[in-house]
Protein chains: 4
Amino acid sequence: MKRIAVLTSGGDAPGMNAAVRAVVRKGIAEGMEVYGIRSGYAGMVSGDIFPLSSRDVGDKISRGGTFLYSARFPEFATLEGQLAGIEQLKKHGIEGVVVVGGDGSYHGAMRLTEHGFPAVGVPGTIDNDIVGTDFTIGFDTAVTTATQAIDNLRDTSSSHRRTFVVRVMGRDAGDIALWAGIAAGADQIIIPEEEYDFKQIVATIEHGYETGKNHHIIVLAEGVMSGDEFAKKLKEAGDTSDLRVTDLGHILRGGSPTPRDRVLASRMGARAVELLKAGRGGLAVGIHNEELVESPILGTAEEGALFTLAEEGKIIVNNPHKARLDFAELNRDLAF
Amino acid sequence: MKRIAVLTSGGDAPGMNAAVRAVVRKGIAEGMEVYGIRSGYAGMVSGDIFPLSSRDVGDKISRGGTFLYSARFPEFATLEGQLAGIEQLKKHGIEGVVVVGGDGSYHGAMRLTEHGFPAVGVPGTIDNDIVGTDFTIGFDTAVTTATQAIDNLRDTSSSHRRTFVVRVMGRDAGDIALWAGIAAGADQIIIPEEEYDFKQIVATIEHGYETGKNHHIIVLAEGVMSGDEFAKKLKEAGDTSDLRVTDLGHILRGGSPTPRDRVLASRMGARAVELLKAGRGGLAVGIHNEELVESPILGTAEEGALFTLAEEGKIIVNNPHKARLDFAELNRDLAF
Amino acid sequence: MKRIAVLTSGGDAPGMNAAVRAVVRKGIAEGMEVYGIRSGYAGMVSGDIFPLSSRDVGDKISRGGTFLYSARFPEFATLEGQLAGIEQLKKHGIEGVVVVGGDGSYHGAMRLTEHGFPAVGVPGTIDNDIVGTDFTIGFDTAVTTATQAIDNLRDTSSSHRRTFVVRVMGRDAGDIALWAGIAAGADQIIIPEEEYDFKQIVATIEHGYETGKNHHIIVLAEGVMSGDEFAKKLKEAGDTSDLRVTDLGHILRGGSPTPRDRVLASRMGARAVELLKAGRGGLAVGIHNEELVESPILGTAEEGALFTLAEEGKIIVNNPHKARLDFAELNRDLAF
Amino acid sequence: MKRIAVLTSGGDAPGMNAAVRAVVRKGIAEGMEVYGIRSGYAGMVSGDIFPLSSRDVGDKISRGGTFLYSARFPEFATLEGQLAGIEQLKKHGIEGVVVVGGDGSYHGAMRLTEHGFPAVGVPGTIDNDIVGTDFTIGFDTAVTTATQAIDNLRDTSSSHRRTFVVRVMGRDAGDIALWAGIAAGADQIIIPEEEYDFKQIVATIEHGYETGKNHHIIVLAEGVMSGDEFAKKLKEAGDTSDLRVTDLGHILRGGSPTPRDRVLASRMGARAVELLKAGRGGLAVGIHNEELVESPILGTAEEGALFTLAEEGKIIVNNPHKARLDFAELNRDLAF
């Protein structure tokens, strides 16, 4: 393989730039040319493709966001979209592709591979909800930003004996809420993966103030409900405390990546290049037990594939991401 | 004066602890004893008063919030409330008081002085809207936290070509919005002190994208309207961009104070003690042209008083805080 | 077990407070009383022992350093010292001890256990060089602080086309240098675990400038040599670049722990309490493959013990910590 | 004036990029074209000059260092150097120049003006030692970085009851030491502008420990002596404490500029353009009492000039920068 390309897809995450840098530098170290594709699959189809030198990615490792831009592009799910993309790859002499993004973008990588253009997925999202890896690029940074924000809220809530509901991103996964909640010493953590009861939450708030706490912080995962809705239900369940709501929202997506995310992105980007160099595609890179692993994107569970195509085109996730409910348990012990 | 007390009142602000530390250490350096009053005027009335040693304020200069707690206590506006507070001061042998808080809390300081207990106000609030000072304790930290959050949002909005409305605190004053907006390179800043027009705002968004910007960030001051309301009006005025809203809310109130706030708080706290030592009360400390100043809280405009009691008990603010409209102008030049 | 104690020993590390908090809160959750011992084994011997409530550790999770203080106390290696410590434990009714510190402090935990006072070690040090765990408490924070400092130096070195030697802590282990080096995009990383050649280092510097780099950053692990010595040898080997040296020194030991360190410390502290509750001592807690593990401190290699007592009192380390030389290799690929 | 240029000169400082951005954007807003000159006066002479668009300075406001690079270039003090520079300016059609740098670089601005190319100086240096301004661009950031580092050292020194000497930049001016020292709650601050006595310093260390302090932090300004030398003299004067030295060095030069520095740089850069637009050169922009001012670089004291050319070519500084000795006094009161 003489020329490969790299793109970022889906929601952006801190560390995507570090992954792109690693792909470029490792590719060059392996004697290949590396091209960038702007705005994900959209740019592949429109031909927004350009060479990247080692200097072009200088000073990028510490930058948040993605300098290649990202976009969602559902058209790439169609054969027509894929063929249009492949035509552009051919035109630019590109033989393999690294896709940094959520597992939604892995399907595109699978299709490209099937069409004869080996493509490898690298998991980039703050939510940590991608199959095939213990951690995703951007998760540690999002947890860090959330923890710092909750540390700030604790200062002010302590000064006024206030209750704060802090909502953090995580559509289906409570990982950010769990890690940031433990790290910030939250009093309660509410995630979609666990049952909760408003009466019980209110009782715990009261118990906290009764036992001498001068604030009460509840970390709420995005997937549960909106912050305002949650606060309303707390009040309906009898909460009488001085209650405030803050939604950290998109702040968690930005910022300079933490060293952990930079190292993870560097390792994964380099591994993706090694796989392409060996002519292997249709794989996603992951980290398991601190070591890099790769899994077939599509196939049978026995083969270790992330997804299985069942009858009628239904996609089965073979080993779905699970929240660490032991963390939720731990926090209940440590909060009081 | 042999024994003084210090309290924090109103909304908390980063640097309040540094001010309290300065009062304690400077008081001790001047041969006085210093007591803390918990939870503002409420604690004064309830007698929650205790001695503070130099060691008690060790390591406090870098802490956000206020370890003395703060609270609003409207009852202190009544003579009855004031007399109850004074009784407690007498009981603890306290002869003078430093009040760190918003200018609402200055009135209490004035009353205490009139009753024979010299009290001095120190301006602590993130909003920077207190008369008699160029800067308040906590403002620089709030601007810093806001700027970092907007820097984060810029990363993610650039990656996706998004428009972000970022709402920052500032009920009546656009200072945080102006400073953070310029510092973060916001595309537009909307403050209560300036007229705005939704058609024009939308036109500016469009102009930005047309001239090659890959994001558009609008910093909105709390006093204007809610973020959701603002977004709704943008859409009604024809905005077609990918629009998101984030309200930074109470995050701005917390966090370790910036060096600038710590130095300001240290200087002001020490000056308040010097004034009390000289037997002077009914004053508020401020900073003007980088030098400390003090102003009578109540009196005539000619005397330089902050407030004048007009007929029928109406209070006139003599030299109201003004937003820096030249900053708004500057940002319009630099945004594009 | 009804009453346990916790101490911090050896060099301090960010996250020690989080570990102590976890021991206290988890102990109370398990129905035990928890005491603190000030200044490590020195305080045990002198009887500086006091009860800790849940509130006493409130707001401690985010604080750097150790509020229990730490100290080296070689006298505890003697039987006399141990007996003096045990007398104090008895006097205070303490039945088990958690020791947070380097593996030097594990030996004291072993001795206490042998004398009938089960003690459990928790690995706290920034160097990451403790046997029996993938990561130590404080390492992630030290890497983060180092990376931020190198990011800063990169700004200024880029502006002036300078070569910087940045020395980071790590007496015997290059872990901080490797992680921070990769994270900051260092051009070269020099660690004690790998050979290096000054002629080659100088050639690499020259190669960097020749290929268009505008700075050159070398991360040097403490264990190699001093920064000034290193710079001198570079010059002797022919370096002609504008060379500066910075030793980050003790800055890496302080600061608010990262979320990752806080979570790790919380988990480990809680686990140590569980072990004591089960009457188990002479163990050290570790993390392996993201799950908590415990190992006998002393015993045979077959038992999974960390150390084996060989003939003549020599101590054998059974599974010594190894640097990730694959990281060193990775950085060589990505630096250029 | 239709086309102007901007360069950065001397030691780099955080906020230089923000100043360059302001020059470019304000210039364009005023209908001018703006060129960048790389590597200061060196690039002017060598013709390293290129147009800058509004987009070229997008996202630069938050970046440390200077993307235009900086360099010292003593050859520009000669007529020959100046004429070579002017030839290049002419060649590129440039009619005016903004110089961001230390006051050493103001002299070049003066010469260009005398040769008919109006040039305006903007004070950029972390040391805050430039005449004609209360604050320089970069100073607030350097103080912030220093304060955070000292906060870190306080964590670890408190844990071990250690004495730390922390050396901060500031060749001739103690400003960084004074501000960071007060902000970090240093126990002693040693600056070149004030007398000090080692016996007294040692006595103060002892007094601190005797009165219950668990650490002792001395902030030392670069201009006094090296950290090692200082420590040696402390020991000779009888210090018996556990003493460590850290030199923060070049870390202070880097990092994302604080909001305050970004706002200052934005204002000053824009003002420089206004001056050029009005055809005015030979001036330096400053800030005094929070308002922008400009001063003639060369002239008589009566004219408010920064420098006066005396007989025999000697340069007299008319109103030299002075350290705030009241800050030193304040810290003595608050440290204990």
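Computed from a predicted model, the values in this text were never measured in an experiment.

Caption draft 1: A look at the overall build of chain A. Secondary structure summary: chain A contains 10 helices and 13 strands in total. Against the globule reference of 20 Å for 336 residues, chain A gives a C-alpha radius of gyration of 22 Å, in line with a compact fold. Taken along its principal axes, the extent of the C-alpha atoms in chain A is 70 × 50 × 35 Å. Sorting the 336 residues of chain A into buried and exposed places 64% on the buried side. The contacts of chain A with a sequence gap of at least 6 include a subset with a gap of at least 24, amounting to 71%. Element-wise, carbon and sulfur atoms account for 49% of the exposed surface of chain A, whose accessible area totals about 11,400 Å².

Caption draft 2: Geometry of the sheet that holds strand 6 (residues 163–168) of chain A. Residue and element names in this part refer to chain A. Spatially, 7-8-6-9 is the arrangement adopted by the 4 strands of the open sheet, whose pairing is parallel. At either end of the open sheet lies a strand with only one pairing partner, and these are strand 7 (188–190) and strand 9 (243–247). Going across the sheet, the axis of each strand differs from the next one's by a mean of 20 degrees, ignoring polarity. Inspection of the sheet shows strand 6 paired to strand 9 by 5 bridges, in the parallel sense. Paired with T163 across the bridge in strand 9 is L243.

Caption draft 3: Representation of the packing of helix 1 (residues 16–29) of chain D against helix 9 (residues 259–277) of chain D in the model. Residue and element names in this part refer to chain D. Contact geometry of helix 1 with helix 9 gives a least axis separation of 7 Å together with a crossing angle of 40 degrees. Regarding the angle of helix 1 to helix 9, the classification is oblique. Regarding helix 1 and helix 9, the two cross each other, and that crossing is right-handed. Contacts between helix 1 and helix 9 involve A18, A19, R21, A22, V23, K26 and G27 from the former and R262, A265, S266, G269, A270, V273 and E274 from the latter. Of the residues in the contact of helix 1 with helix 9, the class split is 7 nonpolar, 3 polar and 4 charged.

Caption draft 4: Local environment of the interface of chain A and chain C. Residue-level contacts link 43 residues of chain A with 43 residues of chain C. Broken down residue by residue, the surface that chain A buries against chain C is led by R55(A), R260(A) and L334(A), which jointly contribute 16%. Viewed at the interface, chain C and chain A are joined by 8 salt bridges. Close ionic contact of R262(A) with D151(C) constitutes a salt bridge, the shortest N to O distance being 2.8 Å. For the pair chain A and chain C, the number of links is 24 residue pairs in polar contact (both at pLDDT 80 or more). For the side of chain A that touches chain C, the element with the most residues is helix 9 (residues 259–277) of chain A, which contributes 7 residues. Of the residues that constitute the side of chain A that touches chain C, the class distribution is 17 nonpolar, 9 polar and 17 charged.

Caption draft 5: Structural view of the packing of aromatic side chains. The full count for this structure, using the stated rule, is 28 aromatic pairs over all chains. Both rings, one in W179(A) and one in F327(A), keep their centres 5.2 Å apart while their planes meet at 55 degrees; by these two values the pair is tilted. Highlighted residues: W179(A) in helix 6 (residues 175–183) and F327(A) in helix 10 (residues 325–334), separated in sequence by 148 residues. One exposure class covers both W179(A) and F327(A), and it is buried. Between the aromatic rings of F139(B) and W179(B), the centroid separation amounts to 5.9 Å while the plane-to-plane angle is 90 degrees, which identifies the pairing as edge-to-face. On the criterion of sequence distance, the pair formed by F139(B) in helix 5 (residues 139–160) and W179(B) in helix 6 (residues 175–183) is long-range, its members being 40 residues apart. Given a relative accessible area of 3%, F139(B) falls into the buried group.

Caption draft 6: Molecular detail of the UniProt feature "active site" (unreviewed entry) in chain A. Residues and elements named next belong to chain A. UniProt annotation of "active site" (unreviewed entry) refers to D127 when read in the numbering used here. Mapped onto the secondary structure, D127 falls in the loop between strand 5 (119–123) and helix 5 (139–160). Looking at D127, the relative accessible area reads 4%, which means it is buried.

Caption draft 7: Expanded view of the relation of the copies chain A and chain C. For the match of chain A to chain C, the screw axis carries a shift of 0.0 Å, the RMSD comes to 0.0 Å, and the turn is 180 degrees. Here the symmetry operator amounts to a two-fold rotation axis. Closest approach to the rotation axis among the C-alpha atoms of chain A is made by N289(A), whose C-alpha sits 2.1 Å away.

Caption draft 8: Quick peek at the packing of helix 5 (residues 139–160) of chain C against helix 6 (residues 175–183) of chain C. Residue and element names in this part refer to chain C. Running from N to C, helix 5 and helix 6 cross one another at 45 degrees; their axes reach a closest spacing of 9 Å. Here helix 5 is positioned oblique relative to helix 6, judged by the angle of their axes. Helix 5 and helix 6 meet at a crossing whose hand is right-handed. Contacts between helix 5 and helix 6 pair F139, A142, V143, A146, T147 and I150 from the former with D175, I176, W179, A180 and A183 from the latter. A breakdown of the residues in the contact of helix 5 with helix 6 according to their chemical character gives 9 nonpolar, 1 polar and 1 charged.

Caption draft 9: Broad picture of a negative patch on the surface. The grouping of D228(A), E229(A), D228(B) and E229(B) at the surface amounts to a negative patch. Listed by contribution, the elements that provide at least two residues to the negative patch are helix 8 (227–236) of chain A together with helix 8 (227–236) of chain B. Positionally, E229(B) belongs in helix 8.

Caption draft 10: Region of the structure containing the side chain of N214(C). Within the fold, N214(C) resides in the loop between helix 7 (198–210) and strand 8 (216–221). At 3.4 Å, the side chain of N214(C) forms a polar contact with the side chain of S158(C). Aside from chain neighbours lying at most four places away, what touches N214(C) is S157(C), S158(C), R161(C), R162(C), Y209(C) and Y69(D).

Caption draft 11: Here's a closer look at the sheet that holds strand 9 (residues 243–247) of chain C. All names here are of chain C. The strand order across the open sheet formed by 4 strands is 7-8-6-9, and the pairing between neighbours is parallel. Of all the strands in the sheet, the pair left with one neighbour each is strand 7 (188–190) and strand 9. Along the sheet, successive strands turn relative to each other by an average axial angle of 20 degrees, direction set aside. Contacts from helix 8 (residues 227–236) reach strand 6 (163–168), strand 7, strand 8 and strand 9 within the one sheet, and its direction differs from that of strand 9 by about 160 degrees.

Caption draft 12: Spatial organisation of the environment of H321(A). Residues and elements named next belong to chain A. If you trace the backbone, H321 turns up in the loop between strand 13 (315–317) and helix 10. Here H321 falls in the partly exposed class, since its relative accessible area comes to 26%. Residues contacting H321, with those up to four places away along its chain left out, are N128, D129, V131, A173 and D175. A polar side-chain atom of H321 sits 3.3 Å from the main-chain carbonyl oxygen of N128.

Caption draft 13: Representation of the UniProt feature "binding site: ADP" (unreviewed entry) in chain A. Taking the numbering used here, the UniProt-annotated feature "binding site: ADP" (unreviewed entry) corresponds to R21(A), A22(A), V23(A), V24(A), R25(A), R154(A), G185(A), A186(A), D187(A), K213(A), N214(A) and H215(A). Their sequence span is 195 residues, while the largest C-alpha to C-alpha distance among them is 51.7 Å; these annotated residues do not converge on one region. Within the secondary structure layout, R154(A) lies in helix 5. Taking relative accessible area as the criterion, R154(A) reaches 6% and is therefore assigned buried. Leaving out residues up to four positions away in the same chain, R154(A) has contacts with A184(A), G185(A), H215(A), I217(A), D59(C) and I61(C). Overall, the relative accessible area of 9% leaves K213(A) in the buried class. With residues near it in sequence (within four places) discarded, K213(A) still touches D187(A), G208(A), A335(A), F336(A), R25(C) and R55(C).

Caption draft 14: Spatial organisation of the relation of the copies chain A and chain B. Of the transformation placing chain A onto chain B, the axial shift is 0.0 Å and the rotation is 180 degrees, giving an RMSD of 0.0 Å. An overlap of 100% is found between the interface residues of chain A and their copies at the interface of chain B, pointing to a shared contact surface.

Cut-offs applied
- Residues numbered from 1 in each chain as written.
- Chains lettered and ligands numbered in written order.
- Predicted model: local features only at pLDDT ≥ 70, side-chain atom pairs only at ≥ 80, totals over all residues.
- Heavy atoms only, no water.
- Helix = DSSP H or I, 4+ residues; strand = E, 2+ residues; numbered from the N terminus.
- Rg over C-alpha atoms; globule rule 2.2 N^0.38 Å.
- Buried < 20%, exposed > 50% of the residue type's maximum accessible area, 1.4 Å probe, protein only.
- Contact = heavy atoms within 4.5 Å.
- Areas by Shrake-Rupley, 256 points an atom, 1.4 Å probe, with all protein chains shown as cover.
- Pairing = 2+ DSSP bridges.
- Axes fitted to C-alpha atoms, helices over the stretch in contact; angles between N-to-C directions.
- Parallel < 35°, antiparallel > 145°, perpendicular 65-115°, else oblique.
- Left-handed = near helix turned anticlockwise from the far one by under 90°.
- Nonpolar A, V, L, I, M, F, W, Y, C, P; charged D, E, K, R; others polar.
- Buried area = accessible area lost by both parts, 1.4 Å probe.
- Salt bridge = Lys/Arg side-chain N within 4 Å of Asp/Glu carboxyl O.
- Polar contact = N/O pair within 3.5 Å; in protein donor to acceptor, adjacent residues only side chain to side chain.
- Phe/Tyr/Trp six-rings, centres within 6.5 Å; stacked < 30°, edge-to-face > 60°.
- UniProt positions renumbered as here; feature names shortened; annotations may be inferred.
- Least-squares fit on C-alpha atoms with pLDDT ≥ 70 in both.
- Patch = residues over 30% accessible without salt bridge, like charges linked within 9 Å, V, L, I, M, F, W, Y side chains within 5 Å.
- Lys, Arg positive; Asp, Glu negative; His and termini not counted.
- Charge placed at Lys NZ, Arg CZ, Asp CG, Glu CD.

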